[in-house]
Amino acid sequence: MEKGTPKKGHTLSAVLFVFFTDVNDADDENDNDDDDGDDDIEKRYVVFKGTPCCLLSYVDGISAEEALEQNLDLCESTVIAMLGEELAKLHSVVVTPDAGLRDHLTGGASLASEHMNGVYLLAIEDSKYANHPFIKFYQEELVNLIDCMSNRNLPKGIIHGDPFLDNVIVDEKSGHFKGFVDWEDTTVGPLLFDIATAIIGTCYNEHCCMLDEFRLKTFLNGYTKKRKLTNEELQYLPRFIQMTLTCNCAWRFKNFAIDHPELNETNSHVEIQERVLAMREEDTKDFLGKVMADLHAGARRRENVAPC
């Protein structure tokens, strides 16, 4: 660590524009010397070697993952519920059609577009693993992935793209939310992608293939306190959980087996693959169906409660 570099804390983007803008558009903006003094978002970045850059605000805190490991008094369920609430707040940001932001078909969201357009499959088929059993498994799961990410009826908005606990900054002692970091996967896309990603990052016990019911309900209850899920979202959520597991699994296979075999983690995808396979089981489908039904019933009950 360089001298003067803070040991704790993170940078949090003050604006998200930099993650969505087209580099060519950014160049055009910066070539315009006519500064009318307005504090427009386009003027909050510069282009360095073809890449848009902006100044980030400093946020004091540590990742929620670190906080849970270091602070034994911090309640895990509180942190999981908090993640649900804060993600719902992000998803409530209104995005207008003329905003000009990138969407999940062009970038972000764990490179979902590269699964949809065949880039990932081609990379695997062109490697020495062309006959690996993983390819058959992956091709089977691609059907669900493409269907989920192509659904036009699901609510869309700004998604973080990678809302795992290590990308959530909290107060070291209290665990209070400070902000999200690592926005490189952010995009406009199905809100369910973020919800499912957060679930696979928080609701599994180590070395276990089944979702933890208490954690799952805790996260969803936190989320729905701030934003209600539509009926179609409730229907599709189990499939999105399976799909985001597939994205994570494929990334591990490509990254460790193909791109970086020297790390000797060729089989790191196996645990995630087993979780995907568990999602295909009828018992898992029945379990998730019950959780979704209970969530829907709870929302209906809250709607029917007369205000004080």
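Structure's up top.
Small disclaimer: the values here were computed from a predicted structure and weren't measured.

Enquirer: Please give an account of the nonpolar core that cites residues and values.
Expert: Formed by 71 residues in total, the largest nonpolar core has its most connected members in I199, F219, L220 and F240. With twelve residues, helix α10 (residues 231–259) is the largest single contributor of residues to this core. Beyond its immediate sequence surroundings of up to four residues, F219 is in contact with I80, L83, G84, L87, I195, A198, I199 and C203.

Enquirer: Describe a negative patch on the surface, listing the residues and the values that go with them.
Expert: Negative charge collects at one region of the surface, where E65, E66, E69, D166, D182 and E184 lie side by side. Summarising the element assignment, E184 is placed in the loop between β8 (177–180) and β9 (187–190).

Enquirer: Lay out the packing of aromatic side chains with the relevant residues and their values.
Expert: Counting across every chain of the model gives eight aromatic pairs. Ring centres of Y129 and F253 lie 5.5 Å apart, and the angle between their planes is 70°; on these two criteria the pair is classed as edge-to-face. Of this pair, Y129 sits in the loop between α6 (119–125) and α7 (133–150) while F253 sits in helix α10, and the two are 124 residues apart along the sequence. Accessibility classification places Y129 together with F253 in one group, the buried group. Here the aromatic rings of W251 and F256 are separated by 5.7 Å at their centres, their planes lie at 85°, and the arrangement is edge-to-face. Residue classification places W251 among the partly exposed positions, given a relative accessible area of 42%. Taking relative accessible area as the criterion, F256 reaches 12% and is therefore assigned buried. Across the ring face of Y120, the terminal group of K254 is positioned such that the distance to the ring centre comes to 5.8 Å. Of note, R275 hangs over the ring of Y204, and the distance from its end group to the ring centre comes to 4.3 Å.

Enquirer: Which residues make up the pattern of salt bridges, and what values do they have?
Expert: In this structure the tally under the stated criterion is 14 salt bridges. Between R215 and E76 there is a salt bridge whose closest N-O contact spans 3.2 Å. Here R215 is found in helix α9 (residues 213–226), whereas its partner E76 is found in helix α4 (residues 76–91), with 139 residues between them in sequence. Residue R215 is classed as buried on the basis of its relative accessible area, which comes to 14%. The salt bridge involving E140 is made with K136; its shortest N-O contact spans 2.6 Å. Highlighted residues: E140 and K136, both in helix α7, separated by four residues, approximately one helical turn. The exposure class of E140 is partly exposed, given its relative accessible area of 35%.

Rules of the game
Residue indices begin from 1 for each chain and proceed along its sequence in written order. Restriction of local features to residues with pLDDT of at least 70 applies here, the model being predicted, together with a cutoff of 80 or more for giving and counting side-chain atom pairs; totals for whole chains, interfaces and linings are based on all residues. Note: side-chain values were computed over all heavy atoms of the structure, leaving out hydrogens and water. For the purposes of this section, nonpolar cores are sets of buried Ala, Val, Leu, Ile, Met, Phe, Trp, Tyr and Cys residues that join through side-chain atoms within 4.5 Å. Accessibility here uses a 1.4 Å probe with only protein chains present; expressed as a share of the type maximum, an area under 20% marks a residue as buried, one over 50% as exposed, and anything in between as partly exposed. Note on conventions: DSSP H or I runs of at least 4 residues are helices, E runs of at least 2 residues are strands, and numbering of each starts at the N terminus. Only heavy atoms enter the contact rule, under which two residues are in contact if any of them lie within 4.5 Å. Here a patch means residues that are over 30% exposed by relative accessible area and free of salt bridges, tied together within 9 Å if like-charged and within 5 Å if nonpolar (Val, Leu, Ile, Met, Phe, Trp, Tyr). Per-residue and other accessible areas follow the Shrake-Rupley method at a 1.4 Å probe size, with only the shown protein chains counted as cover for residues. The term salt bridge refers to a pairing of a side-chain nitrogen on Lys or Arg with a carboxyl oxygen on Asp or Glu at a separation within 4 Å. By the counting rule applied here, Lys and Arg register as positive and Asp and Glu as negative, while His and the ends of each chain are not counted. A charged residue contributes its charge at one atom only: NZ of Lys, CZ of Arg, CG of Asp or CD of Glu. Between rings of Phe, Tyr and Trp, where Trp is taken as its six-membered ring, a pair exists when centres lie within 6.5 Å; planes separated by under 30 degrees are stacked, by over 60 edge-to-face, and by other angles tilted. Definition used: whenever NZ (Lys) or CZ (Arg) falls within 6 Å of the ring centre and also within 35 degrees of the ring normal, the charge is taken to sit over that ring.

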